[in-house]
Amino acid sequence: MFDEDTRRELLNAAGDEYMKKGDLKEATKAFMLTGNSPKLIEIGNSFMGMNMHSQAVDAFMLSGDREKIMACGDKCLQDGHVSDAIKAYKVLGDEDKLIKVGDICLQKEKIDFAIEVFSVLDKKDRLVAVGDKCIKEGNLTYAARAYELAGDKEKLSKIGDTFLKSGLLASSVKAYELAGNKMMVDFIRENFPDSNFLYKI
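Calculation notes
- Residues numbered from 1 in each chain as written.
- Predicted model: local features only at pLDDT ≥ 70, side-chain atom pairs only at ≥ 80, totals over all residues.
- Heavy atoms only, no water.
- Salt bridge = Lys/Arg side-chain N within 4 Å of Asp/Glu carboxyl O.
- Helix = DSSP H or I, 4+ residues; strand = E, 2+ residues; numbered from the N terminus.
- Buried < 20%, exposed > 50% of the residue type's maximum accessible area, 1.4 Å probe, protein only.
- Core = buried A, V, L, I, M, F, W, Y, C linked by side-chain atoms within 4.5 Å.
- Contact = heavy atoms within 4.5 Å.
- Disulfide = S-S within 2.5 Å.
- Axes fitted to C-alpha atoms, helices over the stretch in contact; angles between N-to-C directions.
- Parallel < 35°, antiparallel > 145°, perpendicular 65-115°, else oblique.
- Left-handed = near helix turned anticlockwise from the far one by under 90°.
- Patch = residues over 30% accessible without salt bridge, like charges linked within 9 Å, V, L, I, M, F, W, Y side chains within 5 Å.
- Areas by Shrake-Rupley, 256 points an atom, 1.4 Å probe, with all protein chains shown as cover.
- Expected span 1.5 Å × (residues − 1).
- Arc of directions from axis to C-beta.

A.B. asks: How would you explain the pattern of salt bridges if you had to name every residue and give the values?
C.D. replies: Applying the stated criterion across every chain yields a total of 19 salt bridges. Here E26 ties to K29 by a salt bridge, and the two come within 3.2 Å at their closest N and O atoms. Of the two residues, E26 and K29 both sit in helix α2 (residues 24-34), three residues apart, roughly one turn of that helix. A residue is classified by how much of its surface remains accessible, and E26, at 25% relative accessible area, is partly exposed. With its nearest N and O atoms 3.6 Å apart, the salt bridge here joins K158 to E154. Here the residue K158 and the residue E154 both occupy positions in helix α11 (residues 153-165), the gap between them amounting to four residues, near one helical turn. Since its relative accessible area comes to 54%, E154 is described here as exposed. Ionic contacts of the salt-bridge type, sharing partners, join the residues D16, K39 and E42 into one network.

Right, here's the structure in full:
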């Protein structure tokens, strides 16, 4: 067995060799084991240069450099890499930045990302706003998802009504189930016994 200093020296040397060969994944592992923050930052910068933003966030996170994570998140947002920006801001626990990302996603019609952000933050009012926007645009599936995460049973029931009027029985049953509207679920099942209700919205 090596003593701790020798072990660290060998791991750092191995990390340097991996970096020379371009194997940043293995280099990250080696430097993580030694807690070599400067090298982890260097790897994060390399990943950023290769547009591998998610890996850059991971490397900066391992280095413990919150400023680098923030800069990475800001750059990702600026360049339109929304999921990587969300990842960086989640790591930081930066609620204000995440809300900003959610609002930008909503403006740019990236509804799935907006729903993800607002559900992570448990921002029910924002989820309801997303659902309302989706209703206006006729995107009932996203609206139902947003209302479900917001726990808005009344609006889920209204979506169930809309699905029912459109003849989408399976979707209406699912919406009514999520809304806890047993009366409408029973009504549909009794009046349309041959329909398949396995489809999920």
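A.B. asks: Can you lay out the nonpolar core for me, pointing to particular residues and giving the numbers?
C.D. replies: Formed by 49 residues in total, the largest nonpolar core has its most connected members in I43, V101 and V130. Sequence-distant contacts of V101, that is, excluding residues within four places in its chain, are made with L77, V82, I86, Y89 and V117. By size, the runner-up hydrophobic cluster in this structure holds six residues, among which are L169, V173, V185 and I188.

A.B. asks: Quick one: what's the story with the state of the cysteines, residue by residue and with numbers?
C.D. replies: For the structure on display, the rule yields zero disulfides. Between C76, a free cysteine, and C72, which holds the nearest cysteine sulfur, the sulfur-to-sulfur gap is 4.2 Å. Of all cysteine sulfurs, the one in C134 lies closest to C105, which takes part in no disulfide; the gap is 12 Å. Judged by its relative accessible area of 1%, C105 falls in the buried class.

A.B. asks: I'd love a proper account of the packing of helix α5 (residues 66-79) against helix α6 (residues 82-92), names of residues and values included.
C.D. replies: Remark: α5 packs on α6, axes separated minimally by 8 Å, with the N-to-C direction vectors making an angle of 155 degrees. Classified by the angle between their axes, α5 and α6 sit roughly antiparallel to one another. Handedness of the crossing formed by α5 with α6: left-handed. Each of R66, I69, M70, G73, D74, C76 and L77 in α5 lies in contact with α6, whose residues at this interface are D84, A85, A88, Y89, V91 and L92.

A.B. asks: Got a sec to walk through a nonpolar patch on the surface? Specific residues and values, please.
C.D. replies: There is a patch of nonpolar side chains on the surface, built from M32, L33 and L62 and spanning about 260 Å² of accessible area. With respect to the element layout, L62 can be found in helix α4 (residues 53-63).

A.B. asks: Describe helix α9 (residues 124-136), listing the residues and the values that go with them.
C.D. replies: Since there are 3.6 residues in each turn of an α-helix, residues three or four apart along the chain are aligned in direction. The terminal C-alpha atoms of α9 lie 18 Å apart, and with 13 residues this matches the ideal 18 Å at 1.5 Å per residue to within 8%. Where α9 is concerned, the buried positions are L127, V128, V130, G131 and C134. Angular distribution of buried residues about the axis of α9 spans 155 degrees; they occupy a single face of the element. Those residues of α9 that are exposed and angled more than 90 degrees off the buried face are D125 and K136. Phi turns positive one or two residues past the end of α9, at G138, with a value near 80 degrees.

A.B. asks: How would you explain the environment of L40 if you had to name every residue and give the values?
C.D. replies: Structurally, L40 can be placed in helix α3 (residues 37-49). Residue L40 is classed as buried on the basis of its relative accessible area, which comes to 1%. When the C-alpha atoms of L40 and K75 are compared, they prove to be 18 Å apart, with 35 residues separating the residues in sequence. When near neighbours in sequence (up to four residues on either side) are disregarded, L40 contacts T28, F31, M32, A59, L62 and S63.

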